[in-house]
Amino acid sequence: MDLEFTELQQELRDTARGVLASACPPSLVRGVFEATAGSEGADALWATVCGLDWPGLGLPEEHGGLGLGVVEVGVLVEELGRVTAPGPYLATVTQFVPAVRAAGSSFRLADVAAGTCTGTLAVAEHGRWAPGVAATRADRVGDGWRLRGTKSHVVDGATADELVVVARGDAGPGLFVVPAAEVVATPVESLDPTVPLATVELADVEVHGERVLVEPGDPASASAIGRALDEATVMMALSTVATCRSIFEATLAYAKDRHQFGRPIGSFQAVKHRLADCFLAVERAGALAWFAVLTVAEDDDRRPLAVAMAKSAAGDCAQLLSRDGLQLHGGIGFTWEHDLHFSLKRAVTGDLLLGGAAFHRARAAELMGLVPGHEGAA
Amino acid sequence: MRLRFDPSVETVRDEFRDWLGANRPAPAEMAADPALSTGHAPDWMRRWTRRMFDAGWLVPGWPPELGGRNAGPVETFVVLEELARARVPRTSNVQGLGIVAPSIVDYGTPEQVRDHAMPILRGEATACLGMSEPGAGSDLASLSTRAVLEGDPGSGEWVIDGQKVWTSGANYADFCFLFCRTEPDAPKHRGISILLVPMDTPGVTVRPLPEIVHPGEPDLNEVFLDSVRVPAANLVGRRGDGWAMANGSLAHERGMVWVNAVMGLEEALEQLVAQAPALLAGMEPAERALAADEIVRIAVDTQAARCLGQRGFAKLARGGSAPEQALMKWYASDCRQQVARVGADVLGAGSLESGGVPNDGHLAVDEPRGTWMEQYFHSFANTISAGTSEIQRNIVAEKVLGLPRG
Ligand SMILES: Cc1cc2nc3c(=O)[nH]c(=O)nc-3n(C[C@H](O)[C@H](O)[C@H](O)COP(=O)(O)OP(=O)(O)OC[C@H]3O[C@@H](n4cnc5c(N)ncnc54)[C@H](O)[C@@H]3O)c2cc1C
């Protein structure tokens, strides 16, 4: 196993980091938090991202993409997470696209690559992420399907052009693409406006033809949904760990800079050991996330367990870094004026979306055969 | 980034696996005569180390005259991995092969290499590492065992007085790689030198210290040095450079020690997971869920230790620096402790019953063995020795993160 970037991947990372330093400064993120500039900042950032062909980076050339892989997408996800970038990248590229591709479809991928279509994936209901417990119904009507139910915590749910929905028919779960115009999306006021959430209601929405990605009862259904969710989940883990790393770096710099009792606070062992623990948590979660990315990229059998482990470790990491990052900043970290809270909030958001640490440990327990699984779960 | 190495590396793996299959010591032979201390090499172990040396597999990265084949780091990694998988140690004398011999090769004279390093590499001799003292543990640089040169540096003798403690393997070792204060007036880090001291030198007294588990097979010892005389030529490297060399020698194979630590951890986890269905089956649902969670947590840690090790290793193999490496000793030893603790918890009161797990000879003496609870106590060997977990945190904070010394 070779868990280090190739030279090309490193170049991509360096380029992305350079671009984002000027395209997504903390002032832009602050604008999103304070909604001072409408969505101008985020729109400009998205225009930059599209100008660099990042939405299509991991898509095959036949769909207008750059033909790179899941690892390269991960490189961008990390860099965007690092600066707590707002915008449709996360939902479109790491949720919508994997769902479409896992189903073997190319629906609107060329538009995504061209930067003219955004999307998302609607899985959760009442904040629960297990696709096996989805109650949203899919019922046959003529040659299509009728969807009915309510999805919660959909990233970009009120703004994305297309929503992939997990819904359950009599024969099991399926995947459907619904256009924004057909759903009733209610934005949720949430802690982190860089990852906007919405409740999405499907009131007898009919879908036909290529919008039916995977039919309930299709023998490939469970594996397609599993694959899509795994890719979305591991990318959320990667993004979250990158955000945590930036909390860590800010806290480390602060510990060297801030003096009390006539010396840098970072010279106190109680502070040192906490920072060493934080460093371990970030490296640990990062290594697990990249391993899981590789299992997705190479379609390895270990994927479901690797992803569950990676997301649970990202959750542990977010919990530790949001706690110690804030605590070690003292009073200044508690203020709205300081930029730290952008990444604290993004970290806890990334922990909980697509299932928190405990959820994924429970999943791992099922996958390891330690507890009985849900019969018929996807 | 990818899950598998190049085909050329896998060729090395296949070649080594074939050789290992044909040449390895038989499990029955190992179990019949396990090493009793890290200084003790049973006959099968001596023959086996020699066989690896002759075939160039013992330290693959070294040239053939030193028991290697000039292999790259990735090939070396693969060999270590296959050995651990086959449950065959390269040696029982881990500190001899891992620290003493490489240090002599790096800093010693040609005669010292011939007379002290080579016998270790050929499985003919074992060495112990005399660093810690009653008054100098974590603060090793404050050690006070004294050596005074009588006569001139060419033909004189060192006269040594003092005491070492926690000296692994001293009860069987042939010689000691001894850290002494030779420059009492220099600052404490610059006054230490290393001497090669045959254990049968008059004035050397070894007293074994039975340990909290397996007390019948002590590895730790006190070593008393009373007017011990060794030739001036037994000085390794330059006078006063002992501390700098210690940092070099502890760094030896640091790029690789994690492989054994992680594979030991994986083996322990595998056993726990294999036992789990039977242990969990009788539990009430709530207890079962909590026990499963404990197992999952340590499984995540185990996977993380593997991935961290591989990630750091990949950076080193490319010639870069790898901050992950500084985490491995601390993290892997903590995880090893935790897996034993979880095993004991899940097993319940049954884990209080001791004994009954024979030593099959495949684990190094300092690796936890026995029942889960015995393993738990044994595992502190690795969270305490070679820099405690607290000292490891200090090192990470200061050397890797650049935080100021307190
Ligand atoms: C199984 C085993 C094998 C060993 N083998 C050898 C060997 O072959 N040769 C050899 O020379 N030595 C050997 N040792 C000794 C080992 O290196 C020391 O035990 C170790 O360095 C700790 O020293 P100490 O025992 O004196 O504990 P102390 O240094 O007294 O530490 C006691 C406690 O205080 C903590 N502490 C101390 N200083 C600090 C600090 N600055 N910051 C935070 N916490 C601190 C420690 O972490 C520990 O928890 C071995 C030890 C064991 C357990």
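**Digging into the site of the ligand**
Here comes step 1: Neighbouring the ligand are 17 residues, the closest being S132, S138, W166, T388 and E390 of chain B.
Here comes step 2: Each of chains A and B places residues next to the ligand.
Here comes step 3: In the environment of the ligand, an oxygen atom lies 2.7 Å from a nitrogen or oxygen atom belonging to the side chain of E390 of chain B.
Here comes step 4: Taken together, the elements giving at least two residues each to the shell around the ligand come down to helix 12 (380-384) and helix 13 (389-400) of chain B.
Here comes step 5: Take the shell around the ligand: its biggest share by element is three residues, from helix 13 of chain B.
Here comes step 6: Grouping the constituent residues of the shell around the ligand by class yields eight nonpolar, eight polar and one charged.

**Digging into the domain arrangement of chain B**
Residue and element names in this part refer to chain B.
Here comes step 1: By domain assignment, chain B separates into domain 1 (7-92), domain 2 (127-238) and domain 3 (245-400).
Here comes step 2: Domain 2 puts 12 residues into the contact, and the matching count from domain 3 is 12 residues.
Here comes step 3: Per-residue buried area on domain 2 facing domain 3 is highest for S138, V213 and H214; these three make up 44% of the total on that side.
Here comes step 4: Between domain 2 and domain 3 we count one salt bridge in total.
Here comes step 5: For E217, the salt bridge is made with R369, and the minimal N-O distance between the two is 2.8 Å.
Here comes step 6: For the side of domain 2 that touches domain 3, a count of residues per class yields six nonpolar, three polar and three charged.

**A short note on unusual backbone geometry**
Residue and element names in this part refer to chain A.
Here comes step 1: One non-glycine residue, H126, lies in positive phi territory at about 50°.
Here comes step 2: For H126, the location among the structural elements is in the loop between strand 1 (119-122) and strand 2 (137-141).
Here comes step 3: H126 sits in the exposed class, given a relative accessible area of 79%.
Here comes step 4: We note that D204 has phi near 55°; this positive angle belongs to a residue other than glycine.
Here comes step 5: Within the secondary structure layout, D204 lies in strand 7 (residues 197-207).
Here comes step 6: Take D204: its relative accessible area is 38%, and that puts it in the partly exposed class.

**With respect to the packing of helix 7 (residues 221-257) of chain A against helix 9 (residues 303-329) of chain A**
Residue and element names in this part refer to chain A.
Here comes step 1: Relative to each other, helix 7 and helix 9 sit at 25°, their axes nearing to 8 Å. As judged from the angle between their axes, helix 7 and helix 9 are roughly parallel. Pair helix 7 / helix 9 crosses with left-handed handedness.
Here comes step 2: In terms of residue class, the contact of helix 7 with helix 9 is built from 17 nonpolar, six polar and five charged.

**Points about the interface of chain B and chain A**
Here comes step 1: Between chain B and chain A, the contact holds 45 residues from the first and 46 residues from the second.
Here comes step 2: Surface buried jointly by chain B and chain A totals about 4300 Å² across both partners, of which 67% is contributed by carbon and sulfur atoms.
Here comes step 3: On the chain B side of the contact with chain A, M1, L3 and R311 of chain B bury the most area, a combined 21% of that side's loss.
Here comes step 4: Where chain B touches chain A, the interface holds seven salt bridges.

**Quick look at the packing of aromatic side chains**
Residues and elements named next belong to chain B.
Here comes step 1: A full pass over the atoms with the stated rule returns 17 aromatic pairs over all chains.
Here comes step 2: Plain terms: the ring middles of W19 and W57 are 6.4 Å apart, the flat faces sit at 45° to each other, and that makes the pair tilted. Linking W19 in helix 1 (residues 7-23) with W57 in the loop between helix 3 (43-55) and helix 4 (73-85), this pair joins segments that are 38 residues apart in sequence.
Here comes step 3: In this structure W19 comes out as buried when scored by relative accessible area, which is 17%.
Here comes step 4: Of the residues examined, W57 reaches a relative accessible area of 2% and is grouped as buried.

Cut-offs and rules
- Residues numbered from 1 in each chain as written.
- Chains lettered and ligands numbered in written order.
- Predicted model: local features only at pLDDT ≥ 70, side-chain atom pairs only at ≥ 80, totals over all residues.
- Heavy atoms only, no water.
- Near = heavy atom within 4 Å.
- Polar contact = N/O pair within 3.5 Å; in protein donor to acceptor, adjacent residues only side chain to side chain.
- Helix = DSSP H or I, 4+ residues; strand = E, 2+ residues; numbered from the N terminus.
- Nonpolar A, V, L, I, M, F, W, Y, C, P; charged D, E, K, R; others polar.
- Domains from an automatic or database assignment.
- Contact = heavy atoms within 4.5 Å.
- Buried area = accessible area lost by both parts, 1.4 Å probe.
- Salt bridge = Lys/Arg side-chain N within 4 Å of Asp/Glu carboxyl O.
- Buried < 20%, exposed > 50% of the residue type's maximum accessible area, 1.4 Å probe, protein only.
- Axes fitted to C-alpha atoms, helices over the stretch in contact; angles between N-to-C directions.
- Parallel < 35°, antiparallel > 145°, perpendicular 65-115°, else oblique.
- Left-handed = near helix turned anticlockwise from the far one by under 90°.
- Phe/Tyr/Trp six-rings, centres within 6.5 Å; stacked < 30°, edge-to-face > 60°.

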